[in-house]
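Observations on the model geometry
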Amino acid sequence: MSDETASPSPSPTGIRGAAAPLAPSVEPRRVTITVEGCGSATATSEERVLVALERAQGFGRLKGLPRKLPVGCRRGGCGICRVRILDGEFRLTPMSRAHVSAADEAGGVVLACAIYAQSDLTLRLETPSLGKTRSLPTN
Ligand code: FES
């Protein structure tokens, strides 16, 4: 595993990811994270998206998941929690370039454990282990 990290780069139209301090500067906002074809999770703007997805899974709100949500290092280093942001704004913390290239990131791919939703988000799971068991919907 590499510990290479990178800063956020420009994102596709309609998706804004920005590096920002971890300390909250305003009251956390409640947001909805929609996982394409799987269900939705509620979150605050100050928690990692992966944490919100795990909680929603535990409460049975992601019924469309083909199998348990894969979770690894929880710090942007292993790449198992890859997602593609389809819509919404998020704050990004460092993530491994070994698992998300600059080109991937420009296409909206990020690591769920490295982002904080700043608005309602729509995303698609892109983990290789999920793709092997069942195809997820595509646009
Ligand atoms: S859990 Fe390892 S990169 Fe997200």
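A quick note: this is a predicted structure, and the numbers were derived from the prediction, not measured.

Parameters at a glance
- Residues numbered from 1 in each chain as written.
- Predicted model: local features only at pLDDT ≥ 70, side-chain atom pairs only at ≥ 80, totals over all residues.
- Core = buried A, V, L, I, M, F, W, Y, C linked by C-beta atoms within 7 Å.
- Buried ≥ 20, exposed ≤ 12 C-beta atoms within 10 Å, placed from the backbone.
- Helix = DSSP H or I, 4+ residues; strand = E, 2+ residues; numbered from the N terminus.
- Contact = placed C-beta atoms within 7 Å.
- Pairing = 2+ DSSP bridges.

1. Some points on the nonpolar core
Ile33, Val49, Leu53, Val110 and Ala112 are the most contacted members of the largest nonpolar core, which has 32 residues in total. Where this core is concerned, the elements lending two or more residues are β3 (30–35), β4 (39–44), α1 (49–58), β5 (82–92), β7 (109–111), β8 (115–117) and β9 (121–125). With 5 residues, the single largest contributor to this core is α1. Once residues lying within four places of it in the same chain are set aside, the contact partners of Ile33 are Ser40, Ala41, Ala43, Val49, Ala52, Leu53, Ala117, Leu121 and Leu123.

2. Quick look at the environment of Cys113
For Cys113, the location among the structural elements is in the loop between β7 and β8. Residue class for Cys113 comes out buried when judged on the 25 C-beta atoms lying within 10 Å of it. Other than its neighbours up to four places away in sequence, Cys113 contacts Arg48, Leu50, Arg74, Arg75, Gly76 and Cys81.

3. Section: unusual backbone geometry
The phi angle at Arg74 is positive, at roughly 65 degrees, despite the residue not being glycine. Note on placement: Arg74 falls in the loop between α1 and β5. Since 17 C-beta atoms lie within 10 Å of it, Arg74 is described here as partly exposed.

4. Details of the pairing of β4
In terms of strand pairing, β3 meets β4 through 6 bridges, oriented antiparallel. Within β4, the position partnered with Ile33 by the bridge is Ala41. Remark: 3 residues form the turn of the hairpin made by β3 and β4, two consecutive strands paired antiparallel; Gly37 in that turn has positive phi of roughly 80 degrees.

5. Notes on the environment of Ser96
Position of Ser96 among the secondary structure elements: in strand β6 (residues 95–96). Between the C-alpha atoms of Ser96 and Ala114, which are 18 residues apart in sequence, the distance is 9.8 Å.

6. Thoughts on the pairing of β9
Most of β9 sits out of view: 4 of its 5 residues are buried. As paired strands, β3 and β9 are joined by 3 bridges and run parallel to one another. The residue of β9 that forms the bridge with Thr34 is Thr122. As defined by bridge partners, β5 adjoins β9 across 4 bridges and the pair is classed as antiparallel. What sits directly across from Val83, in β9, is Leu125.

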